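# Residue-level structural notes
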Amino acid sequence: MQFSLPKQLIPMNHRPEISRRNILKMLSTGPMLPLSTAFAGTSLLSACGGGDDAPTATATATATSVSFSSIAAPTLANAAAMATTTVGSVMTVNYSDSSKIDFTLSYQPFFITGDLVDDLKGGKIRAGGYFDINNQPILDQTVAGQARQFFSDCPDGTSLIKIDGAKVAGVKGNTLFAVVQFEYTSKAQDGTTDMYGKLPSPIAVLTLDQNPDTGKLSLVKYHNVDTSGVHGLWITCGASLSPWGTHLSSEEYEPDAFASRDANNMNAFSLNLYGDATKANPYLYGHLPEVTVNADGSGNIKKHYCTGRFSKELVQVMPDERTLLCGDDWTNGGLFMFVADKARDLSSGSLYVAKWTQLTSAGAGSATLTWIKLGSATSAEIENLAKTLQPTDIMDVQTTDPQDASYTKINFSGGFNWIKIKPGMEKAAAFLETHRYAALMDASMGFTKMEGTTVNVKDKIAYSAMSRLEKSMIQGDKTAQPGSIELEKKISAGAVYALNLKGAIKDTTGNAINSEWVAVDMAAPAALVGEDIASDALGNTANPDKIANPDNLKFSEKMRTLFIGEDSGQHVNNFLWAYNVDTKVLSRVMSIPAGGESTGLQAVDEINGWTYIMSNFQHAGDWGAIHSKVQATLDQMIKDNYKDKFGAAVGYLTATSAQYSLTKR
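Before going into details, it helps to say that this report is about the structure given with it. This structure is a prediction, so every number in the text was calculated from the model and none was measured. All residue numbers refer to positions counted from 1 along the written sequence of the respective chain. For a predicted model such as this one, the threshold for reporting local features is a pLDDT of at least 70, and the threshold for listing and counting side-chain atom pairs is 80 or more; totals across whole chains, interfaces and linings nevertheless cover every residue. Note that water and hydrogens are dropped before the side-chain values are worked out from all heavy atoms of the structure.

All right, on to the overall build of the protein chain then. Within the protein chain one finds 8 helices and 39 strands. For every residue, the accessible area obtained with a 1.4 Å probe (protein chains only) is divided by the maximum for its type, and the residue is called buried under 20%, exposed over 50%, and partly exposed between those limits. Looking at the 665 residues of the protein chain, the share that counts as buried comes to 61%. We call two residues in contact whenever any of their non-hydrogen atoms come within 4.5 Å of each other. Pairs at least 24 residues apart make up 66% of the contacts formed inside the protein chain by residues separated by at least 6 positions. Method for areas: the Shrake-Rupley scheme with a 1.4 Å probe, in which residue coverage is limited to the protein chains shown. Put simply, the protein chain shows about 23,700 Å² of open surface, and 49% of that area lies on carbon and sulfur atoms. Here a strand is any run of E in DSSP of at least two residues, a helix any run of H or I of at least four, and the numbering for each starts at the N terminus.

Put into structure tokens, the structure is as follows:
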């Protein structure tokens, strides 16, 4: 979605009377949603000029708030709407003169994965395609005589980026870029071979042409980033844009170095990446990749090994450009914080994990938070430890009680371990066995699938999505941590928590934390708690008029809106929601194809005068038990729309109808 108000693009109902000859045309070829200049505090009105009968503009009106209407959840009465992206929400901009203007929204994809698109070298490249360590296509040969390059049906984290002075051949307007990562591929083309976690995740830089008059974005070039220098990428899920304009990726579900390689897909991953099933080292995955886009549309990547090795879903850098708040998409997961030594440089710093002190147990619960320091390190030293240490060099791990008091029992991944750190290996344990070490240090390791994080800078509030409140978060569960997170009952539909941020905070040893953006408490706003229900007529097991299993989160400062994307096994169609933090109104903005997940969310308040909301989806038609009432009707429709369910969309929200354009004669 994009909106702007440059001088020549002023809504007709927000101008003084002017000559009819100044009204040249209505634009129908490109989207236009006037907003961002108003929110920057400038006048909404500008003299149009060009004629002696045009009066001087004296009145002004500024945008005061934005709201979204809530679309109905699609049903089988319109089955086609359940099998594609459905929007239709109306965005209303209210002005200081008590007037308003409405914009009906729609979805615009750049491509469907698997499409052949233009690359930087003048040839073609397959969008979402997979490449090995030598940047050669990885082929899917599961159907005899029909070998083709693997491509992802799961695009995820996206960052829209502007680089001053950038210019790429083929761009006619403004040159912008988007970094897009691809989490995994669901199935091989035989339709039965599971490919989750078996392929090195690709990440791409898109060169986009921004029409300066309408804000419309068009794909011009696609560049696959060379990840060989960081040993390839592992399951890249959510992402965020750093304040300094780089793409912060993720590597969730870090492979357990103490498990068998087959149990965590390391052999298959390594074979596809290196052509050698034994070469990939699990300690080199589960870190924080950062992509820097170059002015020519290419990109460079590095990994930050000192930010902790846990299931990073989506990290948020605070305005100090040093503090990272990190969710942990795990069972028996934690809330982590990294404070860099220098602004805009994540190559060294200190890692912390939260301790939850419960205030209330009803509903989603609430707590105060304190912080345990796990250690300080540089990225270079942790990468070196990852390359030189074996798991048993760091700690002893037992999965049954060894009846030895020198071992400590910890909660781990929905069960228990008994561990003992080897002498002098505390730093290696903190940064390479972060889950186990955090549990040993008595952190609250009971969160279940903590997903995306984002920040409301004005109010100094962070938001964190908890996909499900269950298992280790519930009183009496065998994996719950006594005295920590103990909610009264599970809420499978999950919740979004708000975390107040403050400065002058000390860690649990009494040492100052060098940040003004430390989370001190945690509670879920009432409107952002899901509701489990008995299966309804469509099969939903969570109330379709409330969020379910929240995942992607992004906040727009100018719209005062928290956007929430779902990854739900309880909604037949997953949704993208808009929650106004002032009015507390929750609105369903977009419906994802049934069986799919809302991903790639990014709220961009301003680029060249335009505001955008990026949005992707993944694995449409991934049927579960809740889809039994709709699968027969929708399956072929989704196959027809999305390459037999092998394709998924990368794109953004926009306006459907023509908007007014007032220009000088």
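From this point, the narrative continues.
A pair is scored as a salt bridge if a Lys or Arg side-chain nitrogen falls within 4 Å of a carboxyl oxygen belonging to Asp or Glu. One pass over the structure, following the stated rule, counts 19 salt bridges. Between Arg 436 and Asp 256 there is a salt bridge whose closest N-O contact spans 3.1 Å. You can see Arg 436 sitting in helix 7 (residues 434-440) and its partner Asp 256 sitting in the loop between strand 14 (247-248) and helix 3 (266-274), a full 180 residues away along the chain. With relative accessibility at 3%, the residue Arg 436 sits in the buried group. With a shortest N-O distance of 3.3 Å, Glu 381 and Lys 427 are connected by a salt bridge.

Moving on, we get to the sheet that holds strand 23 (residues 395-398). When DSSP finds two or more bridges between a pair of strands, those strands are recorded as paired. Taken together, the 3 strands give an open sheet; going across it, the order is 23-25-24, and neighbouring strands pair in antiparallel fashion. For this open sheet the edge positions go to strand 23 and strand 24 (408-412), each flanked by a neighbour on one side alone. The average angle at which neighbouring strand axes cross in this sheet is 35 degrees, direction not considered. Here 4 bridges tie strand 23 to strand 25 (residues 415-421), and the two strands are oriented antiparallel to one another. Between the N-to-C directions of two axes lies an angle of 0 to 180 degrees, each axis being a line fitted to C-alpha atoms and, for a helix, fitted only over the stretch in contact.

Here the focus is the pairing of strand 24. Summarising the sheet, strand 24 and strand 25 pair through 5 bridges and their orientation is antiparallel. Bridged to Thr 408 within strand 25 is Ile 419. Where strand 24 folds back on strand 25, the antiparallel hairpin that results is connected by 2 residues, among which Ser 413 adopts a positive phi of roughly 50 degrees.

Time to look at the packing of aromatic side chains. Only Phe, Tyr and Trp rings take part, Trp by its six-membered ring, and two of them pair if their centres are within 6.5 Å. Stacked means planes under 30 degrees apart, edge-to-face means over 60, and tilted covers everything else. Summed over the entire model, instances satisfying the criterion amount to 15 aromatic pairs. Both rings, one in Tyr 184 and one in Tyr 196, keep their centres 4.7 Å apart while their planes meet at 70 degrees; by these two values the pair is edge-to-face. With a gap of 12 residues between them, Tyr 184 in the loop between strand 10 (174-182) and strand 11 (203-210) and Tyr 196 in the loop between strand 10 and strand 11 connect regions that are remote in the sequence. The buried category is assigned to Tyr 184, whose relative accessible area is 13%. The class for Tyr 196 is partly exposed, based on a relative accessible area of 25%. Seen in terms of ring centroids, Tyr 612 and Tyr 652 are 6.1 Å apart; in terms of plane orientation they differ by 65 degrees. Their pairing is edge-to-face. Of this pair, Tyr 612 sits in strand 37 (residues 610-618) while Tyr 652 sits in strand 38 (residues 649-655), and the two are 40 residues apart along the sequence. Here Tyr 612 and Tyr 652 have matching classes, each one buried. Connected via pairs of aromatic rings, a cluster forms that spans Phe 110, Tyr 612 and Tyr 652.

Formed by 53 residues in total, the largest nonpolar core has its most connected members in Tyr 285, Leu 324, Phe 336, Val 353, Leu 374, Ile 382 and Ile 394. Ranked by residue count, the leading element in this core is helix 6 (residues 426-432), at 5 residues. Leave out the neighbours within four places in its chain, and Ile 394 touches Tyr 283, Leu 389, Ile 421, Lys 422, Met 425, Ala 428, Ala 429 and Leu 432. The nonpolar core is taken to be a set of buried Ala, Val, Leu, Ile, Met, Phe, Trp, Tyr and Cys residues, with the residues joined through side-chain atoms within 4.5 Å. The next biggest cluster of nonpolar side chains, apart from the first, holds 40 residues, and it includes Ala 79, Tyr 95, Val 589 and Trp 623.

Turning our eyes to something else, we now look at the environment of Asp 132. Along the chain, the position of Asp 132 falls in the loop between strand 6 (124-126) and strand 7 (139-140). Here the alpha-carbon distance between Asp 132 and Leu 271, two residues 139 residues apart in the chain, equals 9.4 Å. Discounting residues that sit within four places of it in the chain, Asp 132 has contacts with Ile 138, Asn 272 and Leu 273. In protein, a polar contact means a hydrogen-donor-capable atom and an acceptor-capable atom, both N or O and within 3.5 Å, with residues adjacent in sequence counting only if both atoms are side-chain atoms; elsewhere, any N or O pair within 3.5 Å suffices. A distance of 2.9 Å separates the side chain of Asp 132 from the backbone nitrogen of Asn 134, its partner in a polar contact.

Inspection of the secondary structure puts Thr 85 in the loop between helix 2 (79-82) and strand 3 (90-95). Accessibility expressed as a relative area gives 17% for Thr 85, which makes it buried. Setting aside chain neighbours within four positions, we find Thr 85 in contact with Tyr 107, Met 590, Ser 591, Pro 593, Phe 617 and Tyr 642.

For the rest of this paragraph, the subject is helix 8 (residues 631-641). Note on helix geometry: an α-helix contains 3.6 residues per turn, so any two residues three or four positions apart are oriented the same way. What helix 8 keeps buried is the set Leu 634, Asp 635 and Ile 638. Seen along its axis, helix 8 keeps its buried residues to an arc of 115 degrees; they face one direction. Across helix 8 from its buried face, at more than 90 degrees, point the exposed residues Ala 632 and Asp 640. Residue Lys 643 follows helix 8 closely and has a positive phi angle near 50 degrees. An arc is given here, and it is the one of the directions from the helix axis to the C-beta atoms.

Okay, unusual backbone geometry next. Here the phi dihedral of Arg 344 falls at roughly 65 degrees; this positive angle occurs in a residue that is not glycine. Here Arg 344 shows up in the loop between strand 20 (336-342) and strand 21 (345-360). Owing to a relative accessible area of 47%, Arg 344 belongs among the partly exposed residues under this scheme. At Asn 549, a residue that is not glycine, the phi angle is positive and equals roughly 50 degrees. Among the structural elements, Asn 549 can be located in the loop between strand 31 (521-523) and strand 32 (550-556).

The subject of this paragraph is helix 4 (residues 379-388). Of the residues making up helix 4, those classed as buried are Ser 379, Ile 382, Glu 383, Leu 385 and Ala 386. Looking down the long axis of helix 4, one finds its buried residues gathered within 160 degrees of arc, a one-sided arrangement. The elements touched by buried residues of helix 4 are strand 16 (299-304), strand 21, strand 22 (366-378) and helix 6.

Honestly, it's all geometry; don't read function into it.
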